[in-house]
Every structure is written in C-alpha cells, then in structure tokens.
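Residues per chain are reported as follows:
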Amino acid sequence: MNPYEVLGVSEDADEETIKKAYRELVKKYHPDKYVNNPLADLAGEKIKEINKAYDMIMNKHTQVNKTYGGSSYSGNTNGQASFQNVRILISQSRIREALAMLETLPRTAEWYYLSGCVRMQVGWYDQAISFLQTAVNMEPNNVEYRSALENVRSRNRTYTTTSTTSTTGCCTPCDCCTACMCADCICPCF
C-alpha cells in the first residue's frame, strides 16, 4: 500500500496538506454516514486504510531529522530515539501521533511516564496519575517521574477542590454541553 496514494497527496506534500486530505477522507467515509447501509463494512475498511496511511506518513515525517533541546536528532528508530520522538510530539501538542508512537514501544518506566504526560496534557488527570504512579513504582529514584506525578496530583487536587466548592452545588445540562464543546475545541484527540 502506498499511503500517499491512499490519501491522494504527493510524496512531497507538507503536513497541512496531508492533514487536510486526511480530514476530508475521514468525513467522506466515516462509519456514522453508513449506518444501516450495505456499504457500511466497505466504509469501515476504507477508514482503517485511511488511518493506517495517515499514521505511516506522519510517523515518517516525525522520524525526519529534528532538533530537540539544542541537540541534533537524527531520527534513529531504536528505543531511546523513539521515546525522544514521543517527547517531541508531546511538546508540539501532537497527542494523537504521540499515542500512536507509544503503542509501538516497549512498556518501560519511560513508556508509562510519557503515557502519563500525554494524558496530563489533555486534562485526563486520573489516568495520568495511574500511568505516572506506575513509572515511579518502576523507577522510584527518577526525579523527573516523581515531579510529574506530584504536578498532576496537585492539578487534580485543585480541580477537585474547585469543582466541589462550586456555588451552585452541581452543574446543569447546559454546563455539561458547554464543557464538551470546549473540550472539543482545545483537545486534539477529539
């Protein structure tokens, strides 16, 4: 499979062109458009192919030479370099790509740490705490992991305290819808 042909873009297309083509194809073949339609299975297969092609292209773009933290990064595919790529993706708020790359890596303490960082960045504090706690349990002397865990616990305490001291006592259905719309705007995973 040629992923560029699947998305209908040239091999020298920039990321914005690739993302635009991807979004258009997802809209066209999204399974919700084919509910109770005999083409539903075909559309589902097409979506899988589109997602795979997109991931292949974006992973290739990620592994191209990058600069991170002032040092040149050559895009090696060994474990350390891939974790470095995940860190780059997280710093660029490219959460979907970071998650996809993490799925290809061994589940080490760093894997759990980075998985926690991804979840913390999108505000999933309970999941972040769980992943970060596992990283700290695996490497108890790692200051970076401990610091991140304390950071997310602090944020979670602040959120819990703020939400339980609300003057209304509970949220209305409108509050829930507004929160969902807000999350949809700011979270790249939606």
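Residues numbered from 1 in each chain as written. Predicted model: local features only at pLDDT ≥ 70, side-chain atom pairs only at ≥ 80, totals over all residues. Heavy atoms only, no water.

**Details of the overall build of the protein chain**
Along the backbone of the protein chain there are nine helices and two strands. Secondary structure elements in the protein chain, listed N-terminal to C-terminal, are α-α-α-β-β-α-α-α-α-α-α. Contacts in the protein chain between residues far apart in sequence, at least 24 positions, make up 48% of those at least 6 positions apart. Only carbon and sulfur atoms are counted for the fraction: they give 53% of the accessible area of the protein chain, which is about 11,700 Å². (Helix = DSSP H or I, 4+ residues; strand = E, 2+ residues; numbered from the N terminus. Contact = heavy atoms within 4.5 Å. Areas by Shrake-Rupley, 256 points an atom, 1.4 Å probe, with all protein chains shown as cover.)

**Section: the pattern of salt bridges**
Taken as a whole, this structure holds ten salt bridges when the rule is applied. One salt bridge connects Glu45 with Lys48, and the closest N-O pair in it is separated by 3.7 Å. Of this pair, Glu45 and Lys48 both sit in helix 3 (residues 40-62), three residues apart, which is roughly one turn of that helix. The class for Lys48 is exposed, based on a relative accessible area of 56%. A salt bridge links Arg87 to Glu144; the nearest nitrogen and oxygen atoms lie 2.9 Å apart. With Arg87 in helix 4 (residues 79-91) and Glu144 in helix 8 (residues 143-164), the pair connects residues that are 57 residues apart, well separated along the chain. The class for Glu144 is partly exposed, based on a relative accessible area of 34%. One network of salt bridges, in which partners are shared, links Glu15, Arg94 and Glu97. (Salt bridge = Lys/Arg side-chain N within 4 Å of Asp/Glu carboxyl O. Buried < 20%, exposed > 50% of the residue type's maximum accessible area, 1.4 Å probe, protein only.)

**Regarding the packing of helix 6 (residues 109-121) against helix 7 (residues 125-138)**
For the pair helix 6 and helix 7, interaxial distance at closest approach is 8 Å and the crossing angle is 160°. Put simply, helix 6 runs roughly antiparallel to helix 7. The handedness of the crossing between helix 6 and helix 7 comes out as left-handed. Here Ala109, Trp111, Tyr112, Tyr113, Ser115, Gly116, Cys117, Arg119 and Met120 of helix 6 lie close against helix 7, whose contacting residues are Tyr125, Gln127, Ala128, Phe131, Leu132, Thr134, Ala135 and Met138. For the contact of helix 6 with helix 7, a count of residues per class yields twelve nonpolar, four polar and one charged. (Axes fitted to C-alpha atoms, helices over the stretch in contact; angles between N-to-C directions. Parallel < 35°, antiparallel > 145°, perpendicular 65-115°, else oblique. Left-handed = near helix turned anticlockwise from the far one by under 90°. Nonpolar A, V, L, I, M, F, W, Y, C, P; charged D, E, K, R; others polar.)

**Let's talk about unusual backbone geometry**
Even without glycine at this site, Asn36 takes up a positive phi of about 55°. By the secondary structure assignment, Asn36 is in the loop between helix 2 (15-29) and helix 3. The phi dihedral of Ser93 falls on the positive side, at around 60°, and the residue is not glycine. Assignment of secondary structure puts Ser93 in the loop between helix 4 and helix 5 (95-102).

**A few points about the packing of helix 5 against helix 6**
Helix-helix packing is characterised by the crossing angle of the two axes and by the distance between the axes. Their axes nearest at 11 Å, the elements helix 5 and helix 6 cross at an angle of 160°. When the axes of helix 5 and helix 6 are compared, the pair comes out roughly antiparallel. Regarding helix 5 and helix 6, the two cross each other, and that crossing is left-handed. Between helix 5 and helix 6, the contacting residues are Ile95, Ala98, Leu99 and Leu102 on the first element and Trp111, Leu114, Ser115, Val118, Arg119 and Gln121 on the second.

**A few points about helix 7**
It helps to recall that an α-helix has 3.6 residues per turn; residues three or four apart then point in one direction. Between its first and last C-alpha atoms helix 7 spans 20 Å; for 14 residues at 1.5 Å apiece the expected length is 20 Å, and the two agree. Burial in helix 7 covers these residues: Tyr125, Ala128, Ile129, Phe131, Leu132, Ala135 and Val136. (Expected span 1.5 Å × (residues − 1).)

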